[in-house]
Amino acid sequence: MATPIHDQPILSAIEVLRTGHDDFADPDLAHVAQAVQDDPSLAERLSRIERSDEQLAAAFHDVDVPAGLEDRLLAGLATNAESPTSADGHDALPSVERRAPSNRVVWAAVATVAASIVVAAWVIPRDAEVDLTKRDALLDQAIAFFNNDTTTGGTAMADQLPPSNLAISDDVRHTDGATWRPIDDFLGTPAVAYDLVGPRGEQATLYVTERRLQALEMVTLPSTKPDLSTGGISATCWQNDDLLYVLVVAGEREQYGTFVRQPGSTIAVRVPAGARFAQAA
Amino acid sequence: MPDPSLSNEIAGLVRTHHEELYRYAFRLAGNQPDAEDLVQQTFLVAQQKLGQVRDASCTRSWLFTVLRNHFLKNLRKQQRVVAGSEEIEFDSLPDTVPDQLDIDAEALQLALDELPADYRAVVVMFYFEDCSYKEIASQLEIAIGTVMSRLWRAKRHLRARLAPLETADAGDKPENDDKPENNVPQKRPIPQEHTA
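Cut-offs used in this document
Residues numbered from 1 in each chain as written. Chains lettered and ligands numbered in written order. Predicted model: local features only at pLDDT ≥ 70, side-chain atom pairs only at ≥ 80, totals over all residues. Heavy atoms only, no water. Pairing = 2+ DSSP bridges. Helix = DSSP H or I, 4+ residues; strand = E, 2+ residues; numbered from the N terminus. Contact = heavy atoms within 4.5 Å. Axes fitted to C-alpha atoms, helices over the stretch in contact; angles between N-to-C directions. Buried < 20%, exposed > 50% of the residue type's maximum accessible area, 1.4 Å probe, protein only. Arc of directions from axis to C-beta. Salt bridge = Lys/Arg side-chain N within 4 Å of Asp/Glu carboxyl O. Phe/Tyr/Trp six-rings, centres within 6.5 Å; stacked < 30°, edge-to-face > 60°. Parallel < 35°, antiparallel > 145°, perpendicular 65-115°, else oblique. Left-handed = near helix turned anticlockwise from the far one by under 90°. Nonpolar A, V, L, I, M, F, W, Y, C, P; charged D, E, K, R; others polar.

S.K.: Even after reading the chapter, I still don't get the sheet that holds strand β5 (residues 179-186) of chain A, so can you show me in this structure?
M.R.: Consider a sheet: its strands pair through backbone hydrogen bonds, and that pairing is either parallel or antiparallel. Residue and element names in this part refer to chain A. The seven strands are arranged β2-β5-β6-β7-β10-β9-β8 in an open sheet whose pairing can be described as antiparallel. Every other strand in the sheet has two partners, leaving β2 (155-156) and β8 (228-230) as the edge strands with one partner each. Packed onto the sheet, helix α5 (residues 135-148) meets β5, β7 (203-210), β8, β9 (233-240) and β10 (243-250) and runs at close to 120° relative to β9.

S.K.: What is the right way to read helix α6 (residues 133-140) of chain B from this model?
M.R.: For the α-helix, the turn length of 3.6 residues means that residues three or four positions removed from each other point alike. All names here are of chain B. Every buried residue belonging to α6 is among Y133, I136, A137 and L140, and all of these are buried. Seen from one end, α6 has its buried residues packed into an arc of 100°, which puts them on one side. Where α6 terminates, the next one or two residues include E141, which has phi positive at roughly 55°.

S.K.: How should the pattern of salt bridges be read in this particular structure?
M.R.: Side chains bearing opposite charge may pair, as long as their charged atoms lie close to each other. If you walk through the whole model with that rule in mind, you get 12 salt bridges over all chains. Two residues, R51 of chain A and D99 of chain B, come together in a salt bridge whose shortest N-O distance is 3.9 Å. Of this pair, R51 of chain A sits in helix α3 (residues 40-60) while D99 of chain B sits in the loop between α3 (59-78) and α4 (105-113), which puts the two residues in different chains. Taking the relative accessible area as the measure of exposure, D99 of chain B reaches 30% and is therefore partly exposed. R68 of chain B is the partner of E129 of chain B in a salt bridge, and the nearest nitrogen-oxygen pair spans 2.7 Å. With a gap of 61 residues between them, E129 of chain B in the loop between α5 (117-127) and α6 and R68 of chain B in helix α3 connect regions that are remote in the sequence. Each of the two residues, E129 of chain B as well as R68 of chain B, counts as buried. Overlapping salt bridges, with partners in common, bring together E15 and D53 of chain A together with K155 and R159 of chain B in one network.

S.K.: Would you take a moment to explain the packing of aromatic side chains for this structure?
M.R.: A ring pair, where both rings are aromatic, is described by two values, the distance of the centres and the angle of the planes. Residue and element names in this part refer to chain B. Under the counting rule described, the total for this entry stands at nine aromatic pairs over all chains. A centroid spacing of 4.5 Å and a plane angle of 85° characterise the contact between Y24 and F64, whose relative ring orientation is edge-to-face. Pair noted here: Y24 is in helix α1 (residues 8-29) and F64 is in helix α3, with a separation of 40 residues, a long-range link. The exposure class of F64 is buried, given its relative accessible area of 1%.

S.K.: Would you mind showing me how to read helix α2 (residues 30-38) of chain A here?
M.R.: All names here are of chain A. Looking at α2, one finds that the buried residues are V32, A35 and V36. Each buried residue of α2 sits inside an arc of 100° when the element is viewed along its axis, so together they form one side. Summarising the geometry of α2, the exposed residues directed more than 90 degrees from the buried face are Q37 and D38.

S.K.: Whenever I open this one, the packing of α1 of chain B against helix α2 (residues 32-49) of chain B confuses me. Can you help?
M.R.: Each pair of packed helices can be summarised by the angle the axes make with each other and by the distance between the axes. All names here are of chain B. Running from N to C, α1 and α2 cross one another at 140°; their axes reach a closest spacing of 8 Å. Between α1 and α2, the interaxial angle falls into the category oblique. Here α1 runs over α2; the crossing is right-handed. Facing α1, whose interface residues are I10, L13, V14, H17, H18, L21, Y22, A25, F26 and A29, α2 presents Q32, D34, A35, E36, L38, V39, T42, F43, A46 and Q47. Class assignment for the residues of the contact of α1 with α2 results in 13 nonpolar, five polar and two charged.

So, in structure tokens, the structure goes:
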């Protein structure tokens, strides 16, 4: 009668052996090889594991590839390569209509020196005039600030990066030509404003400030639809660790959508070669 | 035809690898939109950083790594909890290894989706990329013992979910059973609540 296998380390170790490979040649698995040699029931078990592994490995690759995927991927890459204009008016990827945090690309390219709007930091409501713990109130204040800010100018990202503690979000893809401006007082706290222009000329500003809002605890990515759209301005916000990001786009929901939901989706921050971060604010 | 603004290199990369990358992404993410997102992300990174890959023979492996890292990073950002992942009692899973598995693509994906993301990454690397346990440990920056444990548990879970409903023990076969329908393995029903 075969001895029941109770040695869990051995049982777990034989699971890592790959069919078609000489994994027993691994000196760290020599004890496993010896155990299999000594115990016929273990050898039988290994044989069955290998058969099921073969089945599973084949099944893992059994996935239908959606039609047109290659074309969509190439279209997204072409848009990325060319930057602003795209003759193709539709998304390269199927749009996924969800408000929950999801992976989206926010495209930004500074085409010209636009009337940049500097936005200051975001403030925790100390005086309780507005309940900024609520997202709508927060965004309403941000839009008001955006409308009233007439500051112009900015530093090109290629010349110097902003303070490292208020770096542009990893969820925003920008070109080397993006500009930034420090804000001494954005509703009470310091911030950095990034002035952005979308592929179709949409104007937007991303405000980054060190602030943590409980209401945004689970909102860690920008939304493809604005959380608030009023008076021709649309906005969203999200939180990552101790940084609050507020994106304001000059336009209605449609302009916000074309700004945010660009072909290709990814999240990458390209640091200009040779650029160095400024001292932390 | 690829856009002329794209380099031949990147267009060729897409042509060569997009299907396999998509399949890999689908097994990780579990749905088409997320899988496409992951593949697009990967190629966008490749468009920027392909020059960093010194050895062309490593390109495929590099692409898989980029995709997998995006998957794990996105999950951490979204703080997504896979439905049922916290309910899998791995230690209660049957330890038997069926003679044969009854696999269909949907059932496999359902079983994968039930696994915690970190377990899923390990088992997908094992079956899809054919990675050794040491390669998995290195890529995911986890201990070898952790790889072994997760792989063992994940495989047990997959085998339990994909085993035929009536699985014969090793060496036991029905006698004098001439009815064909009795020899067709039935799929184990997917329980509404995962208890093991």
